[in-house]
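This is what each chain is made of:
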Amino acid sequence: MSLKAGIVGLPNVGKSTLFNALTDAGAHAANYPFATIDPNVGVVNVPDARLEELSAIVKPKQTIPTAYEFIDIAGLVKNASKGEGLGNRFLAQIREVDAILHVVRCFEDGDIPHVDGDVDAARDVDTLNTELIMADLEVIENRLPKIRKKARLEVDKDIKREYDLFNVLKETLLEGKPLRSLSLTKDEKKLMKPYGFLTMKPILYVANVGEEALMDKDHPQLQALQRLAENEDGAFLSINAQMEEELIALDAEERQEYLETFNLTSTGLERMIVKTYELLNLETFFTHNEKEARAWTFQKGMTAYECAGLIHTDFQRGFIKAEVIPFDVLKSYGSLSLVKEKGKMRLEGKEYKVQDGDIILFKFNV
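Residues numbered from 1 in each chain as written. Predicted model: local features only at pLDDT ≥ 70, side-chain atom pairs only at ≥ 80, totals over all residues. Heavy atoms only, no water.

K.L.:
Can you tell me about the overall build of the protein, naming the residues and giving the values?
P.N.:
When its secondary structure is counted, the protein shows 14 helices and twelve strands. Within the protein, residue pairs in contact and separated by at least 24 positions form 68% of the contacts whose partners lie at least 6 positions apart. As displayed, the protein has an accessible area near 18600 Å², and 47% of this comes from carbon and sulfur atoms. (Helix = DSSP H or I, 4+ residues; strand = E, 2+ residues; numbered from the N terminus. Contact = heavy atoms within 4.5 Å. Areas by Shrake-Rupley, 256 points an atom, 1.4 Å probe, with all protein chains shown as cover.)

Structure representation (structure tokens):
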């Protein structure tokens, strides 16, 4: 499974600058609303030192990391849910992503006007979240009248469950709360899935700060965002988008020196990937043969049978067994033959829950 994240925010918060830094794609960045009309899309490789070590041991012809797709969605404005600006078009684009990266402006710059006149992170978050809430509310209010009669007659249990659930969702949204704040069952989430509710999507608040704030853990704007993320069961990250864009032009040694100046051990891209993986409960397993060593992203808790399907439907349909070597075991012994000789390779069935770092050879027959 590939990861798709939408970068959203008000105009002039640094979304396209961040997108450029993350993907080195040269997306258009300008200091006026709607500089980005059609979404920019960039795919980046997810760095994983374990994959490089696996390749060094098995020596395949190529190494294929897993990918992360970023979509730079144009700036939303107040009343976007009613069609203001290019709102409806942008809201539809957000429905297609796995996670929302909400970029919030936390820097002052007289040359870059703020759409509301001054910098206020909490207000800006509320503006955008309100638009997402209103968009979700519209979906529910359009659906409820269509199923009300059947639900009240109780002739269809699924319709009745949907009707009751949607009334709960409506009340939550009317209270100004995102749907992700609800504790829902697996079946309830399944009922909601076809509707692509925006406020149900996991969210990472990305504070775009000035250089001085990168080392200021007590910055009031950042503290407010962090509390907000915690209350919504989301995640939080501070980043300087301009600095990240400048890092692209540096070699590895210069980049490391630059990061150390700000007491950082990794780039914004690396930290963003870690945060998003944690937010979505994603992990990585590996496969290899003579041609390639490859990383695969999977949802924590998935079985060997389910992970086989991520590679190819034939692997799942004809699943026989999985030969599993934990990465740390291969790293410890240094060779596949030695791992097998010491009896450290395991045979697992369909129900085995794949672990982060597992190296798997799927046996199948179709």
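What follows picks up the thread again.
K.L.:
Any chance you could break down the packing of aromatic side chains for me, citing the residues and the numbers?
P.N.:
Counting across every chain of the model gives 13 aromatic pairs. Judged by centre distance (6.4 Å) and plane angle (15 degrees), the rings of F285 and W296 are stacked. Taken together, the positions of F285 in strand β8 (residues 282-288) and W296 in strand β9 (residues 292-299) put the pair eleven residues apart, joining distant regions of the chain. Exposure remark for F285: the relative accessible area of 0% places this residue in the buried category. The exposure class of W296 is buried, given its relative accessible area of 11%. Ring geometry for F315 versus F364: centroids 4.3 Å apart, planes at 25 degrees, classification stacked. Taken together, the residues F315 in helix α12 (residues 313-317) and F364 in strand β12 (residues 358-364) connect sequence positions 49 residues apart. On the basis of relative accessible area, F364 is assigned to the partly exposed category, the value being 33%. Through successive ring pairs, a cluster of aromatic residues spans F285, W296, F298, Y305, F315, F319, F362 and F364. (Phe/Tyr/Trp six-rings, centres within 6.5 Å; stacked < 30°, edge-to-face > 60°. Buried < 20%, exposed > 50% of the residue type's maximum accessible area, 1.4 Å probe, protein only.)

K.L.:
Break down the sheet that holds strand β2 (residues 40-45) for me, citing the residues and quoting the values.
P.N.:
Taking strand neighbours across the sheet as the criterion, the six strands line up as β2-β4-β1-β5-β6-β7 in an open arrangement whose pairing is mixed. Edge positions in the open sheet fall to β2 and β7 (235-239), since each of these has one partner strand only. Each strand of the sheet is rotated relative to its neighbour by a mean of 25 degrees, with strand direction disregarded. Across five bridges, strand β6 (residues 203-208) lies against β7 in parallel orientation. Bridging across to β7, N208 finds its partner in I239. Contacts between helix α10 (residues 268-280) and the sheet are confined to β1 (3-8), β2, β4 (67-72), β5 (99-105), β6 and β7, with β7 contributing the most and set at about 175 degrees to the helix. (Pairing = 2+ DSSP bridges. Axes fitted to C-alpha atoms, helices over the stretch in contact; angles between N-to-C directions.)

K.L.:
With reference to specific residues and values, describe α10.
P.N.:
For α10, with 13 residues, the first-to-last C-alpha span of 18 Å sits near the 18 Å given by 1.5 Å per residue. Looking at α10, one finds that the buried residues are G268, L269, R271, M272, I273, T276, Y277, L279 and L280. N281 sits one or two residues past α10 and shows a positive phi near 55 degrees. (Expected span 1.5 Å × (residues − 1).)

K.L.:
So what's going on with the nonpolar core? Which residues, and what values?
P.N.:
Side chains of nonpolar character tend, in soluble globular proteins, to be buried together. Of all hydrophobic cores here, the largest spans 29 residues; its most connected members are I94 and L225. Of all elements in the fold, only β5, α4 (121-153), β6, α7 (220-231), α8 (241-247) and α9 (252-261) reach the threshold of two or more residues within this core. Setting aside residues no more than four positions away along its own chain, L225 makes contact with V104, C106, A121, V125, A207 and F236. Judged by nonpolar contacts, the second largest core, of 28 residues, contains Y68, F70, L237 and L282. (Core = buried A, V, L, I, M, F, W, Y, C linked by side-chain atoms within 4.5 Å.)

K.L.:
Explain the pattern of salt bridges to me, and be specific about the residues and the numbers.
P.N.:
Taken as a whole and assessed by the stated rule, the structure comprises 15 salt bridges. With a closest N to O distance of 2.2 Å, D158 and R161 form a salt bridge. Here D158 and its partner R161 are both found in helix α5 (residues 157-174), three residues apart, which amounts to about one turn of the helix. Taking the relative accessible area as the measure of exposure, D158 reaches 43% and is therefore partly exposed. Here E175 ties to K177 by a salt bridge, and the two come within 3.4 Å at their closest N and O atoms. Salt bridges sharing partners connect three or more residues here, namely D48, R50 and D356. (Salt bridge = Lys/Arg side-chain N within 4 Å of Asp/Glu carboxyl O.)

K.L.:
Please provide a residue-by-residue account of the environment of T130, values included.
P.N.:
Tracing the backbone through its elements, the reader meets T130 in helix α4. Given a relative accessible area of 32%, T130 falls into the partly exposed group. As for T130 and P178, which are separated by 48 residues in sequence, their C-alpha atoms are 9.0 Å apart.

K.L.:
Describe a negative patch on the surface, naming the residues involved and giving the relevant values.
P.N.:
Taken together, the side chains of D251, E253, E254, E257 and E260 make up a negatively charged region of the molecular surface. On the basis of relative accessibility, which here comes to 38%, the residue E254 falls in the partly exposed class. (Patch = residues over 30% accessible without salt bridge, like charges linked within 9 Å, V, L, I, M, F, W, Y side chains within 5 Å. Lys, Arg positive; Asp, Glu negative; His and termini not counted. Charge placed at Lys NZ, Arg CZ, Asp CG, Glu CD.)

K.L.:
Lay out unusual backbone geometry with the relevant residues and their values.
P.N.:
Here K59, not a glycine, exhibits a phi torsion of approximately 50 degrees, which is positive. The residue K59 is located in the loop between α2 (49-58) and β3 (62-64) in this model. Positive phi outside glycine occurs at N281, with the angle close to 55 degrees.

K.L.:
Give me the lowdown on the packing of α4 against α7, citing residues and values where you can.
P.N.:
It is at 9 Å that the axes of α4 and α7 come closest, and there the two elements cross at 40 degrees. Where α4 abuts α7, its residues A121, A122 and V125 lie against Q221, L225 and L228. Along the lines of polarity and charge, the residues of the contact of α4 with α7 split into five nonpolar, one polar and no charged. (Nonpolar A, V, L, I, M, F, W, Y, C, P; charged D, E, K, R; others polar.)

On their own, these measurements won't tell you what the molecule is for.
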